[in-house]
Amino acid sequence: MKHWNKGGVFCLGLMLLSLVLSVGSCASSRAVRHASSQPIILVVLDPLAKELACACVKGYGQRDYRKLGARLELTLKQRVVVEYSDDLAESLKLASPGQEVIVVGEQSLIVQSAKRAALKCHPVCELTDPDGNTTLTASFVVRSDDQAKDLKGISGRKFLFGLADTEVNHAVVQAALRASGVETTAAPEKRAAYSDAALDVLDSQSPPHPVAVIPGYALRLLEGCGSITPGDLKVIGKTQPVPFITVFVGENIQAEKEQKILKTLLGINSDAKMLKAMESRDGFKPVTDKKPNGPQANTSPDWPDWRGPGRDGHVPRLPGRLPETAKFIWKKAAMTGGLAGLSVSDGRLILAERDFDEEHDVYRCLNADDGELLWRVEFPTHGKLDYGQSPRATPVIHEGRAYLLGAFGDLRCVNVTDGKVVWKRQLLREFQAELPTWGMCSTPLVVDDLLIVNPGGTNASLAALDCVTGRTRWTTPGSPAAYSAFICGEFGGRRQVMGYDQHSLGGWDVKTGRRLWQLVPPTEGDFNVPTPVAVKGGVIVATENNGTRLYRFDEAGRIIPTPAADYQDLSPDTVTPVVTGGRVFGAHLGLHCLDVQKGLKRVWHRDDNALGDYATLIADEDRVLVITLGGELILLDAKSDKGDIISRLRVFEEDVEVYSHPALVGTRLYVRGGSSVVCLDLETN
């Protein structure tokens, strides 16, 4: 297939020439004297700016930031110099100390680049595209003659990464693959440009051909430039959308000037010519939830939920090894006995606890960068439970709201920015359910616009609430509540919510709540605490009386009652396993590693006195991080057949118990133990 021609080369030459001529050019061609002698630098990293894209597709990839710079000049009465770049740090090397900077481009790339450039800045607005969206999806593309029709058919393939090399992009790609049950044998291979990734797919000589991951806008440009012939590639899947073109302003820009900048940018939505120049339907939209103090060192996707964004304990990357000693970013006091996991989103950390008098649930929101208090709310909640009265459920942060569930069934939705209550429900009273022995533990599950909870009432074993209003959307009858968190995924070709009630494992239809199937284990008495873990074509469950089992599903999405495999020596009371690289890692009387493809055959077992009777596990594609009950970190080589420990690190010198699930965001680990909550940096350099 012909995919590169002289026209494509000529376009590339024009792009390079345009870039050379544009860098350092003044945003306005007029020679005007302004009140400020030092200009503002407007650094453009937008891949659809006309200086950074080719002009082969009319009206696309030709955003004119010089016109935007000229508009800012008129408002600010200050010269604006426009720099076009794909490297923020390099662009800022020419800036004078203290020079004011505005940056516009892909949000995750700016956040990551700002750290490297030591630039303190924060987002103020986002640019809408021609359809009015402010987000971007990535596309999984294969050759048109490839047999794969969707992501389910590409397990074991080589992946070529043609996106900006950011933690956010890596995470959404991995999340899309896991959601489709795709197992990868190696990390995606990075390509310098999306065109390289696409062309390498076309150039592959024999199946199985690689899969390229490229920006959603890329295929149109590649075909328009003649780099590939229309129809050479086909899209077989997409990632979830992520924020795309965002404007950041430097922290040294005064508030009054920042407001002028924002007003100018928002004002273009009424200017048809400017909208055309920016290839935008609605112009800029304000960012309503800024990160405190702008981009922080933790630039990967957030940890807004139980076991992370996918409820699977996965992160894009773990460190190659742990530092020799703990490198604390900050330490803050916390109430002892905290059980709920930590949540981190948009630079905010939320932790749940009780007050000294054991009369109130207390939720604190801290600045994730320095640990300073942003807000604190408390709600009266009375009762007595074993293991204390502190909330068990992890706060869930989603689209500017936090969902807070207390141990006695009090559910509240609050604004993340200030903690103000949006709506509240009392699950036990309203759904006529009994309080479980150890309280309400299951972290609410966000699915689309629904918040799934498990009151455990006879007529409302599960209930779906509207995320925005809190009103009941559906209920389903069944058994009392168990303690495990629910997950959502596609099993047997059917999207469903999966989890436990007091007696059984089950699947429920997302839209109606109708129960699809029920699985009662052979041995009674499980407390049903560990969370089910989705794997390709099935689910891994682990409980104290029935061991670890792998179940498959039929074509109707119902579980096949006979386990496809089981391993009885991994029988945890409370520890949820993590699955990576086709292996299950769990903790129960030591550490276990099982091979999924070989029927949960034991790869290795390691006794470790530091483990205690509880641990949490976090994984990437190559390593597993174990956080022990005593607060020690153990980094394992997930590929090793002998359970090799890469390194260890003790976080707390004093005796503590770490029952609260830590949160890992980028290289920063947030851990709660004893009477403190800490943030430490896992980078070794």
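Think of each chain on its own: its residues are numbered from 1, step by step along the sequence as written. The predicted origin of the model limits local features to residues at a pLDDT of at least 70 and limits the giving and counting of side-chain atom pairs to 80 or more, whereas totals for whole chains, interfaces and linings rest on all residues. Hydrogen atoms and water are omitted, and side-chain values are computed over all heavy atoms in the structure.

Asks: What should I look at first to understand the packing of aromatic side chains in this one?
Replies: Only Phe, Tyr and Trp rings are paired, with Trp represented by its six-membered ring, and only when their centres lie within 6.5 Å; those with planes under 30 degrees apart are stacked, over 60 edge-to-face, the remainder tilted. Overall, the coordinates contain 12 aromatic pairs when judged by the stated rule. Seen from their ring centres, Tyr403 and Trp423 are 6.0 Å apart, and the 45° between their planes marks the pair as tilted. Within this pair, whereas Tyr403 is found in strand E20 (residues 401-405), its partner Trp423 is found in strand E22 (residues 421-426), the two being separated by 20 residues in sequence. Judged by its relative accessible area of 0%, Tyr403 falls in the buried class. Burial here depends on accessible area, computed with a 1.4 Å probe over protein chains only, as a share of the maximum for the residue type. Under 20% is buried, over 50% is exposed, and the range in between is partly exposed. Given the relative accessible area of 7%, Trp423 is considered buried. Here Trp517 and Phe553 contribute two aromatic rings whose centre-to-centre distance is 5.8 Å and whose plane-to-plane angle is 65°, an arrangement assigned as edge-to-face. Taken as a pair, Trp517 in strand E30 (residues 515-519) and Phe553 in the loop between strand E33 (547-552) and strand E34 (565-567) lie far apart in primary sequence, 36 residues in all. No difference in accessibility class separates Trp517 from Phe553, as the two residues are buried. An aromatic cluster is present here, built from Tyr194, Tyr217 and Phe244 joined pairwise through their rings. When the ring centre of Tyr60 is taken as origin, the NZ or CZ atom of Arg220, which lies over that ring, is 3.9 Å away. Strands are runs of DSSP state E lasting at least 2 residues, helices are runs of H or I lasting at least 4, and numbering of each runs from the N terminus. For a ring to carry a charge above it, either NZ of a lysine or CZ of an arginine must fall within 6 Å of the ring centroid while also lying within 35 degrees of the normal to the ring plane.

Asks: Before we go on, may I ask you to explain unusual backbone geometry in this structure?
Replies: The step from Pro207 to Pro208 runs through a cis peptide bond, and the omega angle for that step is 0°. Tracing the backbone through its elements, the reader meets Pro208 in the loop between helix H6 (194-203) and strand E9 (211-215). You will see that Ala118, though not glycine, has its phi angle at about 55°, which is positive. Residue placement: Ala118 occurs in the loop between helix H4 (107-116) and strand E4 (121-127). Although it is not a glycine, Glu358 adopts a positive phi angle of roughly 55°. Of note, Glu358 is situated in the loop between strand E16 (348-354) and strand E17 (360-367).

Asks: How should I be thinking about the nonpolar core in this particular structure?
Replies: Within soluble globular proteins, side chains that are nonpolar tend to cluster in buried spots. For the purposes of this section, nonpolar cores are sets of buried Ala, Val, Leu, Ile, Met, Phe, Trp, Tyr and Cys residues that join through side-chain atoms within 4.5 Å. Counting 49 residues, the largest nonpolar core has Tyr65, Ile102 and Phe284 as its most contacted members. Considering every element that reaches this core, the biggest residue donor is H6, with five residues. With 33 residues, the next largest nonpolar core counts Trp303, Ala334, Val656 and Leu664 among its residues.

All we've got here are geometric facts, nothing functional implied.
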